[in-house]
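The lines below spell out each chain.
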Amino acid sequence: MENGLFSLQMMTKHKKYEKEFELSKAQISESSLEIVFFSINYTADISLNNTIIYRHSGGEYPFRVSLPRDILRSDRKNVLSVKLLYDLNSKNSIPQKQRFLFPQNHGGIVSDVFIHIKPDFYIAKENITPTFSSDYKNVSLQVESLIKNNKTILNTTGIGNANDYYLSVSVTDAAGNVIKELPRYNFTLDRNKDITITQKLELPGAVLWSPENHSSYILKQQLFKSDSLIDTKQKLISLFDLKSDREAILLNGKEFQLKGTIYYIGNETYGRLISYNQMEKDISLIKEAGFNSVRFAKSTIHPYYLALCEKYGLLAFLEIPINGVPQGIAGDESFINRSKEFLHNYISFYGEYSSFAAIGFGGTFLPQLEEHISLLSILAEAAKEKSSLLTYASFSNTNLVNIEKLDLYGIEFIKESAAISDEQIRELQNELGKGKVFFSAVTYPVYIGGSDGYLNEYSFEAQAKYYEEFFDYISQVKAPAFFINAFNDYFGDYSSFICSGSDRNLYRIGLLDETRSKNRISYKVVYSKLNNLEKVTIPIGSKKDDSPMIFIVFGLLLAIFMGVLVNSGRKFRDDASRALLRPYNFFSDVRDQRIISAAHSTLLGLIIAAVIALIVSNILFHLKTSLFFEHLLLAFASPALMKMANYLSWHPLMSLLWLTAFNIVMFIIIALVIKIASLFVKTRVYIISVYFTFIWAMLPVVLLIPVGIILYRVLFAGSINLYIYLGLIFVQLWVLYRLLKGIHVLFDSKPGTVYLYSIIFILALVGSVLFYFELKHSTIQYLLFAFKQFNI
Amino acid sequence: MLTFHFRSLVLSGILTLFAFQFSFSQIVFREVPDYKIRLMDSLFFDITQTRSVILLNGEWTVQPADDDKAQKV
């Protein structure tokens, strides 16, 4: 079948996938069989006819497994079983549980699976090393062919003279015309042995591959026995020399600027599953836009992308999908080993494709963390041992240090203009070399969508302006490479604030939308810059005030209700002034069952719940574009929490209503907790007294009504935010102090005892929540990392 | 009456637990539209006159790892 029916495992659970297939006797005895998985996620035990043949230690990368001949059967169906566990965690899996702007990641069998049938005497692999003449006109290819003899005893007997094998190697152009052919290479090879044959092939006047001229050759290897063909292997090869010099990146000996974009595969319904047609369409669109390279970040890819890159003329940057790893995890031995294993498997499989130009080790590294530098050194060394690929890593700030065997140092910019860090960038260029420092991810998220001009932050127009300015800056600073993040909008697993409160986890950071429409002005600007076309005019527009009127209306309503309540009678005014100014006396009255109006208290409680909701809604609305806040929430690795925070931040009215209701429920719970605590004291405490104490202890909150009306505007101005947050913390502490005072009066206990137990209780509660999350998701480590990342 | 309430409470509890369990063992099978594996790209799939492939896409049976009840897709 050729359909694209794949299983996507959404939850953590062991599942067993089984598939039956038939093989003939000849296929088993005269072939070498290999099963190829383009992607299974995450860990898997692979069994053939109830015998485990391979243990996949985790990761979506493609891999091959040999099918042992002795386990296969021809008299009945063979059963291939994959016992799969999809369980991403915060410490050891790649990618990790906390994934900022990662494309969707599903478990299961998420790409093609097939059996590759080769002869039993066959060319297992080849290693091609090109050497270029100094003028890049001639190429010398060193071809190492690994040949294996897997013949059975039965097939070996009666074979005659074992010395009459020979290997024929030739190079043809894409049309099949032979360009160069090596003389036949005779050799002998015993059963169950292998041989590596190294030959040199000269290609004078070879046409070198480049993004502008993406013509490739085909290396054809043929094995003969007594002039009868026993195996043919063909491989597409593109001849180019990409080097990182101190002053520039060189392609085929000439200075070359990598103009790239980051491509993510994140379909709403299918995740990373897309058809071959769609893959080709995307790659051709990237090429058509004028890019010459593509970075596949935060995800593994279908290897067909590499074939397409070769075909269309794009240099591919592939990387381990890790991002923002806390130092404790980055320094952990098991994480380092897993990363190395991942890297090893990456290079082994993807390394066969010529367009694979550079291997990356992930993003959001902090140069000030020793663990990050050490991890990168280890990975860079491992990569250089395995291949001659360029190595790169992406950092979230500019205080970079030299790392052995790391060729390229990427700097990430999100929202902020690169020009702001011009001084540091030029310093880095002096220190590390101009050819070493590049822009690995230049991102401008679109939170608000379309507007009338770029004066409105986070609009498509502002995104276009951001990229226009970035291109102007790039021409000044002469960076060897840059990658626009991203080529297209895509879907992720977590609800980011970039989703603007939508229940679709669509990350709007692309030049194109998720349907690949080219209508966005940012695409037009980038297209014109990449292709040296006429300047695209971006409308200026007028800055719109996004301050929600609902905060003012809601605040005024609360003020009116409070006014009505204050003027409802002298009793309330007296109670309020006593509660505020002489809380000890007031709480004594409550304890002694002096008359306090339940209606007044309840109305006051509702107003307090609403005022708290108003303040919190203001803060959430202000933080809706804060990356730091998003990272803090993400540390808890809870898609539900992210979704809720995203929804509340972007929907102020609903936030006010939901938070008011939530506060009322919380008031009831806290009152019940206090009542339960009263069981440990001798004094009899009535629930109604607890209720009154709790409500009236929170009285100072009503003073925040005017603050709630203007809070967003003040926070938006940004000049006194720290003082505002300190002021709000002060009010919280004041209320807490009043509550504890109320409790000790109510319980008739020593103040010190109540304070001590209350503080222990609060610390234990917060501590146990954090302990739980730390144990389950390493939350504290991620929280601390977020503080370091944002220099707070 | 009280017994009735208690019984329905227990029943709904069991149903909730069942639904919870079910939701945590969710597998979704998705058929990608327009999906056709490009076997004609013989260079990519390493298909020659001596080499071939057997596709194993689709129609896998899936079951919980410790369960005999299989689901065919």
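Heads up: these notes are all about the structure in this document. The shown structure was predicted, so the numbers you read here are calculated from the model rather than taken from an experiment. (Residues numbered from 1 in each chain as written. Chains lettered and ligands numbered in written order. Predicted model: local features only at pLDDT ≥ 70, side-chain atom pairs only at ≥ 80, totals over all residues. Heavy atoms only, no water.)

### Section: the overall build of chain B
- On a plain count of helices and strands, chain B comes out with 2 helices and 4 strands.
- Evaluated residue by residue, chain B yields a buried proportion of 32% over its 73 residues.
- Accessible surface, chain B as shown: approximately 5,100 Å² in total, 64% of it carbon and sulfur. (Helix = DSSP H or I, 4+ residues; strand = E, 2+ residues; numbered from the N terminus. Buried < 20%, exposed > 50% of the residue type's maximum accessible area, 1.4 Å probe, protein only. Areas by Shrake-Rupley, 256 points an atom, 1.4 Å probe, with all protein chains shown as cover.)

### Some remarks on the side chain of glutamine 463 of chain A
Residues and elements named next belong to chain A.
- Mapped onto the secondary structure, glutamine 463 falls in helix α9 (residues 460–477).
- Look at glutamine 463 and you get buried, because its relative accessible area is 0%.
- Of the polar contacts made by the side chain of glutamine 463, one reaches the backbone oxygen of tyrosine 444; its length is 3.1 Å.
- What glutamine 463 contacts, discounting residues up to four positions off in sequence, is Tyr444, Val446, Ile509, Gly510 and Ser522. (Polar contact = N/O pair within 3.5 Å; in protein donor to acceptor, adjacent residues only side chain to side chain. Contact = heavy atoms within 4.5 Å.)

### Things to note about the packing of aromatic side chains
- For the coordinates displayed, the defined rule picks out 63 aromatic pairs over all chains.
- Ring centres of phenylalanine 38 of chain A and phenylalanine 44 of chain B lie 5.8 Å apart, and the angle between their planes is 50°; on these two criteria the pair is classed as tilted. Linking phenylalanine 38 of chain A in the loop between β3 (31–37) and β4 (40–41) with phenylalanine 44 of chain B in helix α2 (residues 42–45), this pair reaches from one chain into another. When sorted by exposure, phenylalanine 38 of chain A lands in the same class as phenylalanine 44 of chain B, which is buried.
- Between phenylalanine 497 of chain A and phenylalanine 629 of chain A, the aromatic rings sit 5.6 Å apart at their centres with planes inclined by 15°, giving stacked as the arrangement. Of the two residues, phenylalanine 497 of chain A sits in the loop between β30 (490–491) and β31 (506–507) while phenylalanine 629 of chain A sits in helix α15 (residues 627–634), which places them 132 residues apart along the sequence.
- By relative accessible area, which is 1% here, phenylalanine 497 of chain A ends up buried.
- Looking at lysine 465 of chain A, its charged tip hangs above the ring of tyrosine 454 of chain A, at a distance of 4.7 Å from the centre.
- Directly above the aromatic system of phenylalanine 621 of chain A lies the positively charged group of lysine 624 of chain A, at a separation of 3.7 Å from the ring centroid. (Phe/Tyr/Trp six-rings, centres within 6.5 Å; stacked < 30°, edge-to-face > 60°. Lys NZ or Arg CZ within 6 Å of the ring centre and 35° of its normal.)

### A short note on the nonpolar core
Residues and elements named next belong to chain A.
- Counting residues in hydrophobic clusters, the biggest one holds 234 residues, and the most contacted among them are Phe296, Phe361, Phe439, Leu604 and Trp696.
- Residues contacting tryptophan 696, with those up to four places away along its chain left out, are Phe572, Asp575, Ala576, Ala579, Phe586, Ile596, Ser601, Leu604 and Arg738.
- Grouped together as the second largest cluster of nonpolar side chains are 27 residues, Ile123, Leu182, Ala206 and Ile230 included. (Core = buried A, V, L, I, M, F, W, Y, C linked by side-chain atoms within 4.5 Å.)

### Comments concerning empty space enclosed by the protein
Residues and elements named next belong to chain A.
- Counted according to the given criterion, the structure contains 6 cavities of 30 Å³ or more.
- By volume, the largest cavity amounts to about 160 Å³.
- Lining the largest cavity are 13 residues; nearest its centre among them are Phe100, Gly324, His631, Leu634 and Tyr782.
- Of all the secondary structure elements, the ones that give two or more residues to the lining of the largest cavity are α15 and α22 (779–789). (1 Å grid on protein atoms, 1.4 Å probe; cavity = no way out; pocket = protein on both sides within 12 Å on 5 of 7 lines; lining within 4 Å. Points joined across faces, edges and corners; volume = space filled by probe spheres on them.)

### Quick word on the sheet that holds strand β25 (residues 356–360) of chain A
Residues and elements named next belong to chain A.
- The parallel closed barrel is built from 8 strands, whose spatial order is β22-β23-β24-β25-β26-β27-β28-β29. For this sheet, the mean inter-axis angle between neighbouring strands, taken without regard to orientation, is 25°.
- Sheet analysis places strand β22 (residues 258–262) next to strand β23 (residues 293–296), joined by 3 bridges and oriented parallel. Its bridge partner lying in β23, glycine 260 is registered against serine 293. (Pairing = 2+ DSSP bridges. Axes fitted to C-alpha atoms, helices over the stretch in contact; angles between N-to-C directions.)

### What to know about the pattern of salt bridges
- According to the stated counting rule, one finds 38 salt bridges over all chains in the structure shown.
- Arginine 51 of chain B is the salt-bridge partner of aspartate 231 of chain A, the closest N and O atoms lying 2.7 Å from each other. Here arginine 51 of chain B lies in the loop between α2 and β2 (52–55) and aspartate 231 of chain A lies in strand β18 (residues 228–237), a pairing that spans two chains. The pair formed by aspartate 231 of chain A and arginine 51 of chain B is uniform in burial state, with each residue classed as buried.
- The closest approach of N and O atoms between lysine 624 of chain A and aspartate 546 of chain A, which form a salt bridge, is 3.4 Å. (Salt bridge = Lys/Arg side-chain N within 4 Å of Asp/Glu carboxyl O.)

### Some thoughts on the sheet that holds strand β20 (residues 249–251) of chain A
Residue and element names in this part refer to chain A.
- The strand order across the open sheet formed by 3 strands is β19-β20-β21, and the pairing between neighbours is antiparallel. Every other strand in the sheet has two partners, leaving β19 (242–244) and β21 (254–255) as the edge strands with one partner each.
- Bridge analysis of β20 against β21 gives 2 bridges, and the strand direction is antiparallel. The residue bridging leucine 250 from the neighbouring strand is glutamate 255, located in β21.

### Some words on the side chain of glutamine 789 of chain A
Residue and element names in this part refer to chain A.
- Looking at the element boundaries, glutamine 789 is found in helix α22.
- What makes glutamine 789 buried here is its relative accessible area of 14%.
- The residues touching glutamine 789, leaving out its near neighbours within four places in the chain, are Thr364, Leu366, Ser396 and His631.

### Notes on the packing of helix α11 (residues 549–566) of chain A against helix α19 (residues 705–717) of chain A
Residue and element names in this part refer to chain A.
- One way to put it is that α11 packs onto α19 with a least axis distance of 8 Å and a crossing angle of 175°. Here α19 runs roughly antiparallel to α11, going by the angle between their axes. Contacts between α11 and α19 involve Phe551, Ile552, Gly555, Leu556, Leu558, Ala559 and Met562 on the former and, on the latter, Ile705, Gly708, Ile709 and Tyr712.
- Residues of the contact of α11 with α19, tallied by class, amount to 9 nonpolar, 2 polar and no charged. (Parallel < 35°, antiparallel > 145°, perpendicular 65-115°, else oblique. Nonpolar A, V, L, I, M, F, W, Y, C, P; charged D, E, K, R; others polar.)

### A few points about helix α18 (residues 687–697) of chain A
Residue and element names in this part refer to chain A.
- Summarising burial for α18: 8 of the 11 residues are buried, a large majority.
- Listing the buried residues of α18 in full gives Ser689, Val690, Phe692, Thr693, Phe694, Ile695, Trp696 and Ala697.
- Against α12 (570–581), α13 (583–591), α14 (598–622), α17 (652–678) and α20 (721–747) lie the buried residues of α18.

### Some words on the environment of alanine 464 of chain A
Residues and elements named next belong to chain A.
- In this fold, alanine 464 is placed in helix α9.
- For alanine 464, a relative accessible area of 0% puts it in the buried group.
- When the C-alpha positions of alanine 464 and alanine 717 are compared, they lie 25 Å apart, and in sequence the two are 253 residues distant.

### What to know about unusual backbone geometry
All names here are of chain A.
- Cis geometry is found at the peptide bond from isoleucine 94 to proline 95, where omega equals 0°.
- Along the chain, proline 95 turns up in the loop between β8 (78–85) and β9 (108–109).
- Residue asparagine 485 is joined to alanine 486 through a cis peptide bond whose omega torsion reads 15°.
- Tracing the sequence through the fold places alanine 486 in the loop between β29 (481–485) and β30.

Coordinates in, geometry out; function isn't part of it.
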